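Close look at the chain arrangement
Each chain is listed here by its residues.
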Amino acid sequence: MKRILGHAAVWFPLLALLSCSQNDASISEPATSSSGDQIDLIVAGDYVVTMDEAATVHTGSAVAIDDGVIVAIGPAAEINDSYSARETLDGKNRIVMPGLVNGHSHAAMTLLRGVADDLALMDWLNNYIFPAEVEFVDPEFVRIGTELACWEMIRGGTTTFVDMYYYPDVIAEVVDSCGMRALISATVIDQRSPDAESAVDSIQKGSEFVKRWQGKNSRITPIFGPHANYTLNAEQLRATRDAAMELGAPISIHLSESPFEVQYSKDTYGTTSIELFESIGFFEGPTIAAHVVWPTEAEIPILAERKVGVIHNPTSNMKIASGIAPITDMLAAGVRVGLGTDGAASNNDLDLWEEMRLASFLQKVEQMNPEVLSATTVLRMATSGGATAIGLGDIIGSLEVGKRADLIQVAFDDVHHVPTYDVVSHLVYVNDEQDVASVVVDGRVLMHDGDMLTIDTERVAAEAKALAAKIQSALAERNRK
Ligand SMILES: [Zn+2]
């Protein structure tokens, strides 16, 4: 007999079952109702890695999605029996899991990928990146660069990102059209930048951006992005927080990234970076702090208490030689920690699978202890932990009934996945971004079996190449002078 399930009727019994299920799907008798069997989408998998509180992994299961929300998770046969979906993503040789959360990026910097490598942070920023940005970054640069980044992130299974760059309206328009979820920062910086003249100007423009986008698209959260404590003084940092508080907007910032930054803070204010921020009340509102490589022992509890979301960017920290962040100490202290790629000019890609591996290996080798930062822990940092760190833990980051349907299918039939003893081990230690088959955000399929559905791949690649050629010839011209 075909069971017909109503959404409201099925949510709560399934939630109860999910919270106690351990391994293979044991949702035996979903609640029945008299209507609502027609849903939008079913995504099936040989494994469904939920990343719920217990890190439950179901086998031979499927996720039922309607109106952008997960309405049921259960054995594939049962879901197929209970629902009639307009579209189904077949589960053979597929792992279903939450989409990845990239907690720190400068998306449009894909266009500066490889423009200046092998340099220290301040040399890289002051002598290469800031001048190149003032010269080349305009709305068209941001549109093409962000779309290129979104292509790369969707291709690699990232469904949400936190961005900090210039012309945030353009970033928001690209996110709106490509279907991803994002927190988009208006950059606040006290120097001439591509879209502002000063701190005051950038705070003003940031406020206008936040007002324009608040409540406009449920996938897009406009926020403020004060750059760092060495590009803004304490008063300007506090003014940015005031503007953010007034509008109820979170903040994303670089924090305690390099020894330079910490020394600058000591020299200027007589205190380390995080203690400075605490002293000016900067953490009074939601804060996403990128890097946090150099917190002191006294600063880590401040981050936990203030619920600061720390975003670990291991590749960028290694490449710029910023240091090794004390991730295990922060996790042990209850700090919310997620993962990020940083911009493609300091990475040089946007591959969170690589960040997961490097995050784990860096802690292991630094502490000479292979037991720290397990596969499950870093997978959590890239999914539910990252979602919590950026303030979206209640709506995304795990596959649970009632959450928004941001999920991916990973193909594991390639020879490099043979044999598969432990699916989480494979996701973290074997998987590459090319193994991601399909991507769903808010219930909408953005990529299906490798086919990009919301971005014209050839157009974006051609536009990016053409713009990069212009930048390259301008740089060559400048070098000849
Ligand atoms: Zn950054």
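A brief look at the structure comes next. (Residues numbered from 1 in each chain as written. Predicted model: local features only at pLDDT ≥ 70, side-chain atom pairs only at ≥ 80, totals over all residues. Heavy atoms only, no water.)

**Some remarks on the overall build of the chain**
- Counting its regular elements, the chain contains 17 helices and 17 strands.
- Relative to its length of 481 residues, the chain is compact, with a C-alpha radius of gyration of 22 Å against a globular reference of 23 Å.
- If one aligns the C-alpha atoms of the chain with their principal axes, the spans along those axes are about 75 × 50 × 45 Å.
- Here the chain holds 481 residues, and the buried ones make up 60% of them.
- For the chain, the share of sequence-separated contacts (at least 6 apart) that also reach a separation of at least 24 residues comes to 75%.
- Working note: accessible area of the chain is about 18100 Å², and carbon and sulfur atoms make up 51% of it.
- Once the 34 positive and 67 negative side-chain charges of the chain are each reduced to a mean point, those two points are 4 Å apart. (Helix = DSSP H or I, 4+ residues; strand = E, 2+ residues; numbered from the N terminus. Rg over C-alpha atoms; globule rule 2.2 N^0.38 Å. Buried < 20%, exposed > 50% of the residue type's maximum accessible area, 1.4 Å probe, protein only. Contact = heavy atoms within 4.5 Å. Areas by Shrake-Rupley, 256 points an atom, 1.4 Å probe, with all protein chains shown as cover. Lys, Arg positive; Asp, Glu negative; His and termini not counted. Charge placed at Lys NZ, Arg CZ, Asp CG, Glu CD.)

**Regarding the coordination of the zinc ion**
- Surrounding the zinc ion are the protein donor atoms His104 (NE2), His106 (NE2), His254 (NE2) and Asp342 (OD), which sit 2.1 to 2.4 Å from the metal.
- Here the zinc ion is ringed by 4 donor atoms whose angles at the metal span 86 to 171 degrees, and the overall shape comes out irregular.
- One chain supplies every donor to the zinc ion, and in sequence these donors are spaced H-x1-H-x147-H-x87-D. Separated by 88 residues along the polypeptide, histidine 254 in strand S10 (residues 251–255) and aspartate 342 in the loop between strand S13 (336–339) and helix H13 (352–367) bring together distant segments of the chain.
- You can call histidine 254 buried: its relative accessible area is 5%. (Donors = N, O, S within 2.8 Å, 3.2 Å for Na, K, Ca; no water. Tetrahedral: all angles 85-135°; square planar, octahedral: opposite > 155°, others 65-115°.)

**Remarks on unusual backbone geometry**
- Geometrically, the link from asparagine 347 to asparagine 348 is a cis peptide bond, its omega value of 10 degrees lying close to zero.
- Relative to the helices and strands, asparagine 348 resides in the loop between S13 and H13.
- With an omega dihedral of -5 degrees, the bond running from valine 418 to proline 419 counts as a cis peptide bond.
- Along the chain, the position of proline 419 falls in the loop between strand S14 (407–411) and helix H16 (423–429).
- Of note in this structure, serine 256 is not a glycine but carries a positive phi near 50 degrees.

**Description of the pattern of salt bridges**
- Counted under the stated rule, the structure contains 21 salt bridges.
- Two residues, arginine 143 and glutamate 147, come together in a salt bridge whose shortest N-O distance is 3.9 Å. Of this pair, arginine 143 and glutamate 147 both sit in helix H4 (residues 139–155), separated by 4 residues, roughly a single helical turn.
- Shared partners join several salt bridges into a network, and the residues in it are Glu140, Arg143, Glu147, Arg459 and Glu463. (Salt bridge = Lys/Arg side-chain N within 4 Å of Asp/Glu carboxyl O.)

**Digging into empty space enclosed by the protein**
- For the coordinates displayed, the defined rule picks out 3 cavities of 30 Å³ or more.
- If you add up the space inside the largest cavity, you get close to 200 Å³.
- The wall of the largest cavity is formed by 19 residues, among which His106, Met109, Leu125, His227 and His254 lie closest to the centre.
- For the lining of the largest cavity, the elements supplying multiple residues, two or more each, are helix H3 (121–136) and strand S7 (158–165).
- Among the elements that line the lining of the largest cavity, the one with the most residues is H3, at 6 residues.
- Per-class residue counts for the lining of the largest cavity are 10 nonpolar, 6 polar and 3 charged. (1 Å grid on protein atoms, 1.4 Å probe; cavity = no way out; pocket = protein on both sides within 12 Å on 5 of 7 lines; lining within 4 Å. Points joined across faces, edges and corners; volume = space filled by probe spheres on them. Nonpolar A, V, L, I, M, F, W, Y, C, P; charged D, E, K, R; others polar.)

**Remarks on the pairing of strand S9 (residues 220–226)**
- Where burial is concerned, most of S9 is hidden: 6 out of the 7 residues are buried.
- As a crossover connection, the stretch from strand S8 (residues 181–188) through helix H6 (residues 199–213) into S9 is right-handed. (Right-handed = clockwise from strand over helix to strand, strands pointing away.)

**As for helix H14 (residues 375–382)**
- Residues of H14 that are buried include every one of Ala375, Val378, Leu379, Met381 and Ala382, and no others. Buried residues of H14 fall within an arc of 155 degrees about the axis and therefore sit on the same side. (Arc of directions from axis to C-beta.)

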